[in-house]
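Residues per chain, in single letters:
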Amino acid sequence: MADVTFEDDAPDTIVRVDGVIIGRLTGQDANRQMQWRAGHDYDQEKVEAFDHAYAAGDRSPEAARQALKKAGLA
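Calculation criteria
Residues numbered from 1 in each chain as written. Predicted model: local features only at pLDDT ≥ 70, side-chain atom pairs only at ≥ 80, totals over all residues. Heavy atoms only, no water. Phe/Tyr/Trp six-rings, centres within 6.5 Å; stacked < 30°, edge-to-face > 60°. Buried < 20%, exposed > 50% of the residue type's maximum accessible area, 1.4 Å probe, protein only. Helix = DSSP H or I, 4+ residues; strand = E, 2+ residues; numbered from the N terminus. Salt bridge = Lys/Arg side-chain N within 4 Å of Asp/Glu carboxyl O. Contact = heavy atoms within 4.5 Å. Expected span 1.5 Å × (residues − 1). Polar contact = N/O pair within 3.5 Å; in protein donor to acceptor, adjacent residues only side chain to side chain.

Caption draft 1: Layout of the packing of aromatic side chains. Counted by the stated rule, this structure contains three aromatic pairs. Taking the centre distance of 5.0 Å and the plane angle of 55° together, the rings of Trp-36 and Tyr-42 count as tilted. Judged by relative accessible area, Trp-36 falls into the partly exposed class, the value being 22%. Between the aromatic rings of Phe-50 and Tyr-54, the centroid separation amounts to 5.4 Å while the plane-to-plane angle is 15°, which identifies the pairing as stacked. In this pair, Phe-50 and Tyr-54 are both assigned in helix α1 (residues 44-56), four residues apart and thus about one turn of the helix distant. With relative accessibility at 0%, the residue Phe-50 sits in the buried group. An aromatic cluster is present here, built from Trp-36, Tyr-42, Phe-50 and Tyr-54 joined pairwise through their rings.

Right under this line is the structure:
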């Protein structure tokens, strides 16, 4: 199982999977979303699955962790 960690970079939150930065959570409250790091070749279907799962949650780091795992990105 991948290790998902978060680092505050106010007002954003940096997201790492196994130590590699994959993106950052940007925006506030209901507008918070993942800004994926350029240069990574992510499976678009997995990214869309993450987006849907994350939007259905409370948009917290824990919701992002769960959505990454559900989508198969972590």
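Caption draft 2: Quick peek at the pattern of salt bridges. The tally for this structure, following the rule as stated, stands at four salt bridges. The partner of Glu-7 in a salt bridge is Arg-16, with the nearest N and O atoms 3.2 Å apart. For Arg-16, a relative accessible area of 24% puts it in the partly exposed group. Note that Arg-65 and Glu-62 form a salt bridge whose closest N and O atoms lie 3.0 Å from each other. Taken as a pair, Arg-65 and Glu-62 lie in helix α2 (residues 61-71) at a separation of three residues, close to a single helical turn. Judged by its relative accessible area of 38%, Glu-62 falls in the partly exposed class.

Caption draft 3: Examining the environment of Thr-26 more closely. Tracing the backbone shows Thr-26 in strand β3 (residues 20-26). Thr-26 gets classed as buried once you look at its relative accessible area, which sits at 17%. Between the C-alpha atoms of Thr-26 and Asp-12, which are 14 residues apart in sequence, the distance is 5.0 Å. Setting aside residues no more than four positions away along its own chain, Thr-26 makes contact with Asp-12, Asn-31, Arg-32, Gln-33 and Gln-35.

Caption draft 4: Representation of α1. Over its 13 residues, α1 extends 18 Å from the first C-alpha to the last, a length consistent with the 18 Å expected when each residue adds 1.5 Å. The inward-facing, buried residues of α1 abut β3, β4 (33-36) and α2. You can read the cap of α1 off the contacts: a side-chain oxygen lies 2.8 Å from the backbone nitrogen of Glu-45, and it is on Asp-43.

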